[in-house]
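# Chains, contacts and geometry: an overview
For reference, the chains in residue letters:
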Amino acid sequence: MSSNLELNPSYLSREFSKYFEDLNFGEYVRKLRIEKAINLIQNSNYTLTEIAYMTGFSDQSHFTRIFKLHTGKNPSSYRKNALKSNLDTKGK
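Keep in mind it's a predicted model, so treat the numbers as computed, not measured. (Residues numbered from 1 in each chain as written. Predicted model: local features only at pLDDT ≥ 70, side-chain atom pairs only at ≥ 80, totals over all residues. Heavy atoms only, no water.)

## A look at the pattern of salt bridges
The criterion, for reference: Each reported salt bridge corresponds to a side-chain nitrogen of Lys or Arg within 4 Å of a carboxyl oxygen of Asp or Glu. Helix numbering and strand numbering both begin at the N terminus, where a helix is a DSSP run of H or I of at least 4 residues and a strand a DSSP run of E of at least 2. Exposure categories follow from relative accessible area, calculated using a 1.4 Å probe and restricted to protein chains: below 20% of the type maximum is buried, above 50% is exposed, and the middle band is partly exposed.
For the coordinates displayed, the defined rule picks out 2 salt bridges. Linking K18 and E15 is a salt bridge whose minimum nitrogen-to-oxygen distance equals 2.9 Å. Pair noted here: K18 and E15 are both in helix α2 (residues 9-19), with a separation of 3 residues, about one helical turn. Owing to a relative accessible area of 18%, E15 belongs among the buried residues under this scheme. K31 is the salt-bridge partner of E35, the closest N and O atoms lying 2.6 Å from each other. One end of the pair is E35 and the other is K31, both in helix α3 (residues 25-43) and 4 residues apart, which spans about a single turn.

Shown next as structure tokens:
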């Protein structure tokens, strides 16, 4: 992105954080990936490994670590809670 804009990468990242939730470019991209993963966990039957690759993580352990940092839960726990919530909602 910085080369397309002809800007220094560190300058772009620093300026980026002023406009995007006080996150640098890399943090913002990871946040978007986790948001997409949450959507896939809640609304699909993909495996967690498939979701990790679909959201741009190189392996499931990296995905799990970053997911837990952002949500406080690992992806499998998050999925269990999401499934339970869906069942509770449908049962009412």
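## Quick word on a nonpolar patch on the surface
Here is the rule: Candidate patch residues must exceed 30% relative accessible area and have no salt bridge, after which like charges are joined if within 9 Å and Val, Leu, Ile, Met, Phe, Trp or Tyr side chains if within 5 Å. The method behind every accessible area is Shrake-Rupley, applied with a 1.4 Å probe, and residues are considered shielded solely by the protein chains displayed.
On the surface, M1, L5, L7, Y11 and F25 cluster together to form a nonpolar patch covering roughly 450 Å² of accessible area. In this fold, Y11 is placed in helix α2.

## Description of α2
Here is the rule: By definition in these notes, contact holds between two residues if any of their heavy atoms fall within 4.5 Å.
The set of residues buried in α2 consists of L12, S13, E15, F16 and S17. Taken together, the buried residues of α2 touch α1 (2-5) and α3. Downstream of α2 by one or two residues, E21 has phi in the positive range, about 55°.

## Quick notes on the nonpolar core
Nonpolar side chains in soluble globular proteins generally cluster together in the buried interior. Operational definition: For this analysis, a nonpolar core means a set of buried residues of the types Ala, Val, Leu, Ile, Met, Phe, Trp, Tyr and Cys, connected via side-chain atoms within 4.5 Å.
Core analysis: the biggest nonpolar cluster contains 13 residues, and I34, I41, I51, F57, F63 and F67 have the highest contact counts within it. Elements represented by at least two residues in this core include exactly α3, α4 (48-54) and α5 (60-71). Looking at this core, the element that brings in the most residues is α3, giving 5 residues. Not counting residues within four places of it along the chain, the set of residues in contact with I41 comprises L48, I51, F67, P75, Y78 and R79.

## Structural notes on the packing of aromatic side chains
Keep this limit in mind: Ring geometry is summarised as follows: Phe, Tyr and Trp rings, the Trp one being its six-membered ring, pair when their centres sit within 6.5 Å, and such pairs are stacked at plane angles under 30 degrees, edge-to-face over 60 and tilted between the two.
Going through the model one piece at a time under the given rule, you end up with 7 aromatic pairs. The interplanar angle of 15° and the centroid separation of 4.2 Å between the aromatic rings of F16 and F20 together place this pair among those described as stacked. Look at F16 and you get buried, because its relative accessible area is 10%. Residue F20 is classed as partly exposed on the basis of its relative accessible area of 33%. Aromatic rings pair up to connect F16, F20, F25 and Y28 into one cluster.

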